[in-house]
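Structure assessment
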Amino acid sequence: MNEITLHENRAALNRLKIRPSFLRDVSKRELSTTLLGQRVKCPIGVSPTSLHCLMHPEGEIATARAAAEFGVCYTQSNFSTSAVKDIVEAVPHGVKWVQVFCFENFSITENLIKVAERNGYQAVVFTIDHTTKPINWKQDANPPALSSHQSMKSIEEVVTVQFDKNDVYATMKGLKPETRLSWDVIDKIRSQTNLPVVVKGILTAEDALLAVHHGAKGVWVSNHGGRSLDGTPAAIEVLPEVVAAVGESVEVYMDSGIRNGADVFKAIALGATAVFVGRPILWGLACNGSKGVERVLEILLKELDTTMAMSGCQCLEDIRRKGKVVHKSYWKKFLVH
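A short tour of the structure in this document, coming up. Just so it is clear, the structure is predicted and the values come from calculations on it, not from any experiment.

Description of the nonpolar core
Ranked by size, the top nonpolar core spans 92 residues in total, and within it Ile236, Leu239 and Ile319 carry the most contacts. The contacts of Ile319, once residues within four sequence positions are left out, are Phe265, Ile268, Ala269, Leu304, Met308, Cys313 and Lys324. Leu35, Val40, Cys73 and Val95 belong to the second-largest nonpolar core, a separate cluster that totals 12 residues.

Quick look at the packing of aromatic side chains
Evaluated as defined, the whole model comprises 9 aromatic pairs. Aromatic side chains Phe79 and Phe103 sit 6.1 Å apart centroid to centroid with 75° between the ring planes, which places their arrangement in the edge-to-face category. With a gap of 24 residues between them, Phe79 in the loop between β5 (74-76) and α3 (84-90) and Phe103 in the loop between β6 (96-100) and α4 (106-118) connect regions that are remote in the sequence. For the pair Phe79 and Phe103, one class covers both residues: buried.

Looking at the environment of Tyr253
Relative to the assigned elements, Tyr253 resides in strand β10 (residues 251-254). For Tyr253, a relative accessible area of 0% puts it in the buried group. Separated by 184 residues in sequence, Tyr253 and Glu69 place their C-alpha atoms 22 Å apart.

Here we look at the side chain of His52
Structurally, the position occupied by His52 is in the loop between β4 (44-46) and α2 (60-70). Excluding anything up to four places from it in sequence, His52 contacts Gly59, Glu60, Thr63, Thr81, Leu282 and Leu285.

Rules used in this analysis
- Residues numbered from 1 in each chain as written.
- Predicted model: local features only at pLDDT ≥ 70, side-chain atom pairs only at ≥ 80, totals over all residues.
- Heavy atoms only, no water.
- Core = buried A, V, L, I, M, F, W, Y, C linked by side-chain atoms within 4.5 Å.
- Buried < 20%, exposed > 50% of the residue type's maximum accessible area, 1.4 Å probe, protein only.
- Contact = heavy atoms within 4.5 Å.
- Phe/Tyr/Trp six-rings, centres within 6.5 Å; stacked < 30°, edge-to-face > 60°.
- Helix = DSSP H or I, 4+ residues; strand = E, 2+ residues; numbered from the N terminus.

Take a look at the structure:
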């Protein structure tokens, strides 16, 4: 793994340029929106990332609290170091989604969904881009480890399993990714829950349409932050293809490489309903727990709001006006040869 896609996520966002419109009334700006019918403060959400207790003693509880206090969607990872019931007890309010993989032992996936639904989570995010353990030489050389008092509580909530605390991602019996899959698995997941299902890991129009055909209420454009299959395109470059394919039939989300409010603006301009952020959330959590996560969200929102004002946008629909964000090559056609 050469981290080509990891770096391409950032490079592709930087190749996009904003075409501002001046002398517009931007005295009042509206950034709130809805995700699957739930009102949120802005089109920025928390991506599912694992092992939050390595960043802060409160782990995912701190992250969920920050998201709820700030008014955005929190997506809990399949590999969370806090149990669903503990998170809900500490943070009973806020928009919460649960992310799951499909394991060889499907009952684990099924029970993770049931626990989340029973505790008031509002959507299931099914990640499709991990049919085997990705190659990551850096991580293999220095695997994430848990201390004696830490564990993968979200998994332990539904199955008895002994993790290797010196290498928590080492695959174990029953927790291996299922490789014998078809799109019928979406129907199987939908049959287990009344919650809407979002399919995460979409990188082609064809897969987006299949997800919609099988009943997904949202498609999530993602290359797993460039840490899954190396050599795939940047998520931001795939986004317009997916948006064009599904139209307004479902909501379209995006993550991978988002680092500032201008990045969020670009994704919204290319058709995303909302953008989700992973690594920056972990950095904020490591710096100052829940307050650190809130600060990261504050910065992103401030940058998005300022970008809107300075580009002549009052609301999210203004951002989506045709031609608001273009590839840097856009101006070549005007050069005199």
